[in-house]
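Residue strings, one per chain:
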Amino acid sequence: MRGLHSVSLALEHLHDTITVGHGDVSASNVLLDGGAAPCAWLCDLGSACEATFPAAIVPGRRAATALSSPGYTDPIFLRTGIMSKKSDVYSLGVLLLEALTGSSAAWSNGGVSTAKILQRVRTSGVAGLVDGRLGNDYDAMEASDVASIIVECVEAQPGL
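A short tour of the structure in this document, coming up. Quick caveat: nothing in here was measured; it's all calculated off a predicted structure.

**Quick word on the overall build of the protein**
Broken down by element type, the protein carries five helices and six strands. Ordered by position from N to C terminus, the α and β elements of the protein give α-β-β-β-β-β-α-β-α-α-α. Counting every position in the protein, which comprises 160 residues, the buried fraction comes to 44%. Carbon together with sulfur atoms contributes 56% to the accessible area of the protein, which is approximately 8,600 Å² in total.

So this is what it looks like as structure tokens:
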């Protein structure tokens, strides 16, 4: 999770310091550093757009033309074609969900994992959702905190 914290700090820097939206926050755009202090790097700014937040219309793109990878795209962006901080925050939530559950952002049948799992996280917490490959070797409180962050990231908050 420390590596994903680095990704969130990178997004904060992009949004608040240089006012750029990444546009494609996904597992394939995170490079992991296997050093003594695990770190992650957010890469591939090819979909980035300069923005005057809270929202910016992505020039030359329609809502049907998604910027981000399948499964990570903010539904509000898909409906409106408007890129905002929330678009990247939503994608970060999906990335956290992948890390917590070990499941891909897009299921083989095309359904998005957030739609299938989010309600369960809200009602039951993370019991039974944490990646089974971890066995019992994880901090349940940390997993619960991450689940709360995921819910905040992927809930519809157009004003963010």
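Moving on from the model shown.
**Quick notes on the pattern of salt bridges**
Considering all chains together, one arrives at two salt bridges under this definition. A salt bridge links Asp16 to Lys85, with the shortest nitrogen-to-oxygen separation between them at 3.1 Å. Residue Asp16 is located in helix α1 (residues 2-16), and its partner Lys85 is located in helix α3 (residues 85-101); the two are separated by 69 residues in the primary sequence. Classification of Asp16 as partly exposed rests on a relative accessible area of 49%. Between Asp131 and Arg133 there is a salt bridge, and its shortest N-O distance comes to 2.6 Å. Taking the relative accessible area as the measure of exposure, Asp131 reaches 12% and is therefore buried.

**Quick word on unusual backbone geometry**
The phi dihedral of Thr19 falls on the positive side, at around 40°, and the residue is not glycine. Positionally, Thr19 belongs in the loop between α1 and β1 (20-21).

**Considering the environment of Asn29**
In this fold, Asn29 is placed in the loop between β1 and β2 (30-33). A sequence separation of twelve residues divides Asn29 from Trp41, and the C-alpha atoms of the two residues are 8.2 Å apart. Setting aside anything within four residues of it in sequence, one finds Asn29 in contact with His22, Asp24, Trp41, Leu42, Cys43 and Asp44.

**What about the nonpolar core?**
Val7, Leu95 and Leu100 are the most contacted members of the largest nonpolar core, which totals 30 residues. Put simply, the parts of the chain that give this core at least two residues each are α1, β3 (39-42), α3, α4 (113-124) and α5 (140-154).

**What about the packing of α1 against α3?**
Between α1 and α3, the least distance of the axes is 11 Å, while the angle of their chain directions is 175°. Of the possible angle classes, the one that applies to α1 and α3 is roughly antiparallel. Judged by residue contacts, Leu4, Val7, Ser8, Leu11, His15 and Asp16 of α1 engage Lys85, Asp88, Leu92, Leu95, Leu96 and Ala99 from α3. Grouping the amino acids of the contact of α1 with α3 by side-chain chemistry returns seven nonpolar, two polar and three charged.

Conventions used here
- Residues numbered from 1 in each chain as written.
- Predicted model: local features only at pLDDT ≥ 70, side-chain atom pairs only at ≥ 80, totals over all residues.
- Heavy atoms only, no water.
- Helix = DSSP H or I, 4+ residues; strand = E, 2+ residues; numbered from the N terminus.
- Buried < 20%, exposed > 50% of the residue type's maximum accessible area, 1.4 Å probe, protein only.
- Areas by Shrake-Rupley, 256 points an atom, 1.4 Å probe, with all protein chains shown as cover.
- Salt bridge = Lys/Arg side-chain N within 4 Å of Asp/Glu carboxyl O.
- Contact = heavy atoms within 4.5 Å.
- Core = buried A, V, L, I, M, F, W, Y, C linked by side-chain atoms within 4.5 Å.
- Axes fitted to C-alpha atoms, helices over the stretch in contact; angles between N-to-C directions.
- Parallel < 35°, antiparallel > 145°, perpendicular 65-115°, else oblique.
- Nonpolar A, V, L, I, M, F, W, Y, C, P; charged D, E, K, R; others polar.

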